[in-house]
Every structure is written in structure tokens, then in C-alpha cells.
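# Analysis of the macromolecular model
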Amino acid sequence: MREDDGVSAAFASSGAGGRTPSPGGAGQDREVATPRDAHVVPARQLGQRRWPAHASSTVIVIIGLALTIALAAGAQVASNDAATRLLNSQLRQVATALEASIPQLQQPLIAADQIASSTRSPHAFDTFVRSEVGRGAPFRAVSLWHIGGGMPHLLASVGTSALLSQPQVARQFLSGLRPSTQLSVTKIFTGPPRGYGIAEVLPGSTDGLVVYAEPALLPASSPVVGLDVALYLGRTVAPRDLMASSAPTSPSGPQASAAVPFGSSSITIVATSTRPLASMLSGELPWLIGAVGVLLVLVAAFANERLSRRREVAETLAKATERRYDVQRDISTTLQHALLPEEYPVFPGVELATRYVAGTRGLEIGGDWYETIGIDDDRLFVAVGDVSGRGLHAATTMAYLRHAIRAYVAQGDGPDVVLGKLDELIDVERDEYFATVLCALVEVADRRVTMASAGHPPLLVIDDIGARYVDLTVSPPIGTASGARPIPRTVVVAPGAAIIAFTDGLVERRGLSLDDRLESLRAAAVGQRGTVDATLTHLLASLVPDGSDDDIAILGVKWRP
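Note that the structure is predicted; figures quoted are calculated from it, not measured.

Here we take up the packing of helix 10 (residues 392-410) against helix 11 (residues 415-422). One can describe the packing of helix 10 onto helix 11 by two numbers: an axis separation of 10 Å at closest approach and a directional angle of 135 degrees. With respect to each other, helix 10 and helix 11 are oriented oblique. For the pair helix 10 and helix 11, the crossing hand works out as right-handed. When helix 10 is examined against helix 11, the residues Leu401, Ala404, Ile405, Tyr408 and Val409 are found in contact with a partner set consisting of Val418, Lys421 and Leu422. Per-class residue counts for the contact of helix 10 with helix 11 are seven nonpolar, no polar and one charged.

Within the chain, residue pLDDT values average 79, and 76% of them lie at 70 or more. Predicted confidence for residues 1-49 stays below pLDDT 50, and this span has 119 contacts to residues more than four positions away or in other chains.

Here we come to the environment of serine 273. By the element assignment, serine 273 lies in strand 9 (residues 265-273). Among the residues examined, serine 273 registers a relative accessible area of 11% and is labelled buried. Sequence separation between serine 273 and leucine 87 is 186 residues, and the spatial gap between their C-alpha atoms is 7.2 Å.

Right, let's get into helix 10. With 19 residues, helix 10 should cover 27 Å at 1.5 Å per step; its first-to-last C-alpha distance of 27 Å lies within 8% of that length. Summarising burial for helix 10: 14 of the 19 residues are buried, a large majority. Phi turns positive, to about 90 degrees, at glycine 412, one or two residues after helix 10.

Attention now moves to the pairing of strand 1 (residues 139-146). Burial analysis of strand 1 places seven of its eight residues in the buried class, the great majority of the element. Note that strand 1 and strand 5 (residues 209-215) share seven bridges and pair antiparallel. Counted as the bridge partner of histidine 146 is leucine 209 from strand 5. Across six bridges, the pairing between strand 1 and strand 2 (residues 153-159) is antiparallel. Bridged to alanine 141 within strand 2 is glycine 159.

On to the sheet that holds strand 1, then. Within the open sheet, the five strands sit side by side as 2-1-5-4-3. Their pairing is antiparallel. Two strands in the sheet have a free side with no partner beyond their single neighbour: strand 2 and strand 3 (184-185). Sheet topology places strand 4 (residues 198-200) next to strand 5; three bridges connect them, and they run antiparallel. Paired with glutamate 200 across the strands is valine 211, a residue of strand 5. Helix 4 (residues 103-119) contacts strand 1, strand 4 and strand 5 of the sheet and is inclined by roughly 150 degrees relative to strand 5. Across the sheet, helix 5 (residues 122-129) is in contact with strand 1, strand 2 and strand 5; its angle to strand 2 comes to roughly 25 degrees.

Tracing the backbone through its elements, the reader meets serine 161 in the loop between strand 2 and helix 6 (167-175). Serine 161 sits in the buried class, given a relative accessible area of 9%. Ignoring anything within four residues of it in the chain, the contact list for serine 161 reads Ala141, Tyr212 and Glu214.

Negative phi values dominate among residues other than glycine, just as trans dominates among peptide bonds. With a phi angle near 55 degrees, arginine 120 is a residue other than glycine that sits in the positive phi range. Unlike most non-glycine residues, arginine 447 shows phi in positive territory, near 55 degrees. With respect to the helices and strands, arginine 447 occurs in the loop between strand 13 (435-443) and strand 14 (448-454). Judged by relative accessible area, which is 25%, arginine 447 ranks as partly exposed.

Definitions and cut-offs
Residues numbered from 1 in each chain as written. Predicted model: local features only at pLDDT ≥ 70, side-chain atom pairs only at ≥ 80, totals over all residues. Heavy atoms only, no water. Axes fitted to C-alpha atoms, helices over the stretch in contact; angles between N-to-C directions. Helix = DSSP H or I, 4+ residues; strand = E, 2+ residues; numbered from the N terminus. Parallel < 35°, antiparallel > 145°, perpendicular 65-115°, else oblique. Left-handed = near helix turned anticlockwise from the far one by under 90°. Contact = heavy atoms within 4.5 Å. Nonpolar A, V, L, I, M, F, W, Y, C, P; charged D, E, K, R; others polar. pLDDT = per-residue confidence, 0-100. Buried < 20%, exposed > 50% of the residue type's maximum accessible area, 1.4 Å probe, protein only. Expected span 1.5 Å × (residues − 1). Pairing = 2+ DSSP bridges.

Spelled out as C-alpha cells, the structure:
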């Protein structure tokens, strides 16, 4: 599924626009003003009065001024604190949406590089990327280069590229590229046209092919109403690095900034509220307290009540925003589902069902996934995997492995061969990630299942006899560079049987034995003779009734009796 520019699409839900926030820190302090209406009579003038001032009056004035100053300072601190908490909470929502959208830029480049590497045909590359270039597409230009011998050579190009108009910049950037799972990012081009470039070189690639693309710079809009944002490429906020913004002038008020990883570079988000974060009265409360400070006890009682009420309002707003922030976890779940297959291949007499359940821990996108590939009218290839860790890198690695599996299956590779090739793509020492993967080739008519596992939980078979795990030799996880070739195992299941593949989030629990949890899953599967969709629902309800800290991916295949 093609998406708009990964940077600009994440900010398309609000119509804010027009002003550019300038860089600055969050929660800028204001000076606490002292009351100007309270007047203290100099001591030398007391003797000129017709009546002397009572000592109690002096004490009341002093206490009143002290109380007024204390309340004004407290109101200012509370207002700044609430504003800072609210702004940082909103900024986290923006950063999460941006971070989760970045893999959408890399996936088409990975696919294009794989096509170019496997076909050795610039025409096939050109045919594929044309749908990704142009108005409404994520890129305004995509090109294929060969960087062998230290001199970049252009093989194919689609769209108008700023890089092609700057040969020296192109040679300097492309010559320094190395195979990696991480996107390589240029600086902002001054134009024409103005923009930035990204490049993908497949890990383990030895053919010297590079896919280079230039996403379109579109106006940014914030997904949070009442918030202006500016995006800068890199960790500085210089005007030359501005990618997109929703505000053209220097704003006033609290600001916050955060850096989101973006390939070999990063994107710095500067957020500014376009309206008071708590209420108009919260900002003016210190002045109101100072103006009525001369009323002494009445002012103290009124101000204390007013301050308490305003503080409760600010805390209520902050808590409500934090609850909405928790709800934003659904954004990560939705984006995770967007990275997973949306349709299943259809085979007569067979049911397929999947589940993805996001973990309750944090908002970062996870690395659990599943894949279903129809090879022909009788063969189905399925895979379930789990990339270690969470966040953008884990999601990018997950998408990278999914596309690689599709490419290898298209070449006719079996499960053990696919896992062996995947092990060459990532390295835990280089990429700081590894993955567990279970692959299975299903021959539908014969009910024959050939499978191989790289550090992944075993396949569960459910039939009339009961439920059991397939005894399978498990090789080390993908990316550990063990050199061990996965050993395939073939089983023939009975008519009406079902096979279930899952990630460890379904069975792993802190403080509980993994063997005991696997036995609990097997026991829950016994007697499940309904649809495979109903079986997956039952297993989730039995094993994780209150949710899981870790993400869960499940895939089920069932032969109809």
C-alpha cells in the first residue's frame, strides 16, 4: 500500500499552518511581578499623620504582602509546570506519529533495491518505482546507481532529482555509502528544487547497487489541535535545515523540542502551543492576586481558594491529557497493522486467521510480525517472527525481513534456505538487533507442512487426538552469525487439523517457567474444533486475559473436515 511522504503524512490530520516556531526551550519562565497597588508609607511620614498607625496594621500589611507574593509565585510556578507537562505530553504524541511513519519511506526503496539486485534490469526497476514518484506519491524522484570503483554511475532515473544537478554533491554522497539496514540521509538541498535525499544499500550487498530517492517537502501540520510544529533535518534548528513547518513567524510562549532517529541522521521537532495550555486566567492569576493584595485577609482567603481551584483545573487538564496520551498507544497498534499483510491468499478447504495484539508497555512500535504468501494453487508459505527490542529500528528491521522473505519465496526457496539467507542480512553486533523466525511451507491438498525454526517457539498442531508441539531442531536466531544451517522437518497433519504459529509474547511471563506456559497453551488448545478464528480468540483469552507487556502475533491455518 502506497502512502504519502513519511515525514509529511504523519502531520496531515490538522489544518494548522502559517507560522514557523523558532527554536527554544520548553516552559520559559516569566518574571513574577510584585503588586503595584500595595503602597507602604515611609516611616518618616508616619509622624505627620493625624493618627498613628497601629502595630497590627503594619503586621497585616507585611503578612498580606508576603502572602500575596507567595501566592503569586505559586500560581506562576503551577501555571508553568502544567504548561510544560501538557506541551511535553503533546510533543511525545507528535514524535510517536513521526517515528512510526518513517518505515513507510524505506520499504519502497528496499523493494526497489531487491528487484534491481535480483533482475539486473534497470527497466524492471524503472517499472516498479514509477508508481512511487509524482504527485500524490511519496517521492518526487527515484534513481538507481552503481558505485563500484569509487565513481557513481547512474543506471536509471524517474522524476526530477536535485542531486543530478549537483554532480560534485552526488559523487561525494554516493561514494561514501556502505551496505546497511539504516537509511543514508543527505543534507537539505538548497535547490532547485529544494529538498533532501535518502539512499538504501542492502546489507550484505556486493553488486554496488544503490537506490536513491528524494521525498517531496510538503507543509507540515500537527496531529494535535492547537500545536504548531517545525521539522528540521539533523539535531540543529538552523533555517537551512528546515524540512516543514506549520507556523511562519517566531512564536511566543512555551516551546519543547525532541529528536527522532531518521536513518543516518535525525529529525528535530520543535513544538509551540498556539493557545494557552491550561486557561487564560492561569497566566494572569499572579497579576490579579497582586492587584487585590491590599485587601489582606479577604484577598488571602479569595486568592487561596482561587489558586486552589485553578491548580485543580490545571492538574485535571494535565491528567486528562495523560489519559489521552495513553490512548495514543492505539496509534502504534494501527501503524503496526499497516505494516502487516492486509489480505490472505485463498485456498479451497483451508481457513487462515491472524491476530496482532500490541503490548501494554509504552507507545513504541514493536517488531512482532507474520506473513502469508500464496505460491501457487496448492502451496502456501507462512512465517511468524519477532525482532528483538522495540522502536523505529525494530519496525524497520521487521519490514526489511518481511520483504526479503517474499523475495526468497518468489525464487522458490524452502523454509530452511529462506532462514539461512535471512541470517546473512543482519548482524547483532553491527545492527544491535536479532530476530527469531519460524517458516513453514504448507502443501494444502496433501496436508503436508515443511518447517524450519531460527530460535522461535515451536509450531502447535491441533487435531482430533489433542494438541501437541512439533518436535523440531531449532537453529540460533537470525543475526547471531552462528553459521548453523536450519534443519527442516516435514509432518503430515490429519484432516480437519489446525496449525498455530505464535511469538513469545503469548507464552512468556516474568517469574513463570516457559515450559509451564507452553503446557498451558497446549492444554488450552485441546478440544478446539471450531473455526481457526475462534481458536485464536480462545487462546488469547486463556493465556493473556489481561493483556501482555510484550507484543503478540499469532497465525493459524486449519483444514476443513
